[in-house]
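One-letter residues, chain by chain:
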Amino acid sequence: MEKYLFKLFLVLPLSLVILHSASAGLINEDFNGGLPADATLYGSASLTAGEVQLTPPTFSQLGGLSFLDQDSGAAIGSWSAQFDFRIDQNSSAGADGISLSFSRLGDVGAVGEEGLSSGIAIGFDTWNNGEVSDNHVSLRFDGALLVELDVTSFFLLQDGVLRSALITMNNGLLDLSIGGTGLFSHDIAGWSAYAGQFNFGGRTGGHFSRQVIDNFSASTTAGVSAAVPEPATLALFGLGLAGMGFARKKRKSV
């Protein structure tokens, strides 16, 4: 019995790793060769000079760019996305902003700075519609606002500078940085893995901006690493097995 328990203790962590094995999807696009086959433009969006222009500098525009699911419908436990963006040719301070959503599978299209209403959406907002400022970033999950952060002390989103945004999400923990500056880290309550796809959006209204994205790279990993126990859990399990072996030996000696 003791030999069996010892073997079980050795094999169990390995079996958990095997259960956690996952597939990965990759996107790496600079748009210099045209629109990739796995991408679709919506509304006012167009491919212009090797970059995607979500909105031209015109009133009342709504654009979008989506990429096909990279994981054949598998639920995604973690992903990362990096892209360059520039907001310029403003009619005033800028309007209204852009978004990147990792939406639930099939929810795609032209959308504004708040992103799609399913899944995770990160907004880059240049107009104050009763929010914290006219220069803020936001995080939403299934349409509910979780983070709204004024970034004026760091930079102006609409100043025409090409900036790089990096977003990472691991089992509901999302981190956003722009230009190497970490802006927030937020653990999304109620999150669970879902099949999804990336969708950019941009909008203008009574004021306008030209809003472009370029050099998009992303990776997705299917599966949820939360299924793997913490090291402390494994240690306790090992102690429990050791205790069982000790108790058996003690009974034999009686």
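In this report, the structure presented in the accompanying data block is examined.

So, how was this worked out
Residues numbered from 1 in each chain as written. Predicted model: local features only at pLDDT ≥ 70, side-chain atom pairs only at ≥ 80, totals over all residues. Heavy atoms only, no water. Helix = DSSP H or I, 4+ residues; strand = E, 2+ residues; numbered from the N terminus. Areas by Shrake-Rupley, 256 points an atom, 1.4 Å probe, with all protein chains shown as cover. Phe/Tyr/Trp six-rings, centres within 6.5 Å; stacked < 30°, edge-to-face > 60°. Buried < 20%, exposed > 50% of the residue type's maximum accessible area, 1.4 Å probe, protein only. Lys NZ or Arg CZ within 6 Å of the ring centre and 35° of its normal. Pairing = 2+ DSSP bridges. Axes fitted to C-alpha atoms, helices over the stretch in contact; angles between N-to-C directions. Polar contact = N/O pair within 3.5 Å; in protein donor to acceptor, adjacent residues only side chain to side chain. Contact = heavy atoms within 4.5 Å.

Glancing now at the overall build of the chain. A tally of regular secondary structure across the chain gives 2 helices and 15 strands. Here the chain has roughly 11,800 Å² of accessible surface; of this, 59% comes from carbon and sulfur atoms.

This brings us to the packing of aromatic side chains. Overall, the coordinates contain 13 aromatic pairs when judged by the stated rule. Taken together, a centroid distance of 5.9 Å and an interplanar angle of 85 degrees make the contact between F83 and F124 edge-to-face. One end of the pair, F83, is in strand 6 (residues 76-88); the other, F124, is in strand 8 (residues 120-125), with 41 residues separating them in the sequence. Exposure class is identical for F83 and F124. Each is buried. For the ring pair F85 and F124, a centre distance of 5.4 Å and an interplane angle of 45 degrees mean the geometry is tilted. With F85 in strand 6 and F124 in strand 8, this residue pair connects regions lying 39 residues apart in the sequence. Overall, the relative accessible area of 0% leaves F124 in the buried class. Among the aromatic residues, those joined into a cluster by ring pairs are F67, W79, F83, F85, F102, F124, Y194, F198, F200 and F216. The lysine or arginine in question, R104, covers the ring of Y194, its NZ or CZ lying 4.4 Å from the ring centre.

What follows is about the sheet that holds strand 9 (residues 136-141). The strand order across the open sheet formed by 7 strands is 2-5-14-7-8-9-10, and the pairing between neighbours is antiparallel. For this open sheet the edge positions go to strand 2 (39-43) and strand 10 (144-150), each flanked by a neighbour on one side alone. For this sheet, the mean inter-axis angle between neighbouring strands, taken without regard to orientation, is 15 degrees. In terms of strand pairing, strand 7 (residues 97-104) meets strand 14 (residues 196-203) through 8 bridges, oriented antiparallel. Opposite R104, over in strand 14, you have G196 as the bridge partner.

On to the side chain of S209, then. Along the chain, S209 turns up in the loop between strand 14 and strand 15 (210-222). Here the side chain of S209 touches N90 through a polar contact of 2.6 Å, side chain to side chain. The residues contacting S209, other than those within four sequence positions of it, are T55, P56, P57, I87, D88, Q89, N90, G94, A95 and T204.

Within strand 8, 6 of the 6 residues are buried, leaving the element largely enclosed by the surrounding structure. Every second residue of strand 8 is oriented toward a common face, with I120, I122 and F124 on one face and A121, G123 and D125 on the other, all of them buried. Judged from the 6 bridges that link them, strand 7 and strand 8 form a sheet pairing that is antiparallel. The residue bridging G97 from the neighbouring strand is D125, located in strand 8. Pairing geometry for strand 8 and strand 9, over 6 bridges, is antiparallel. The residue of strand 9 that forms the bridge with I120 is F141.

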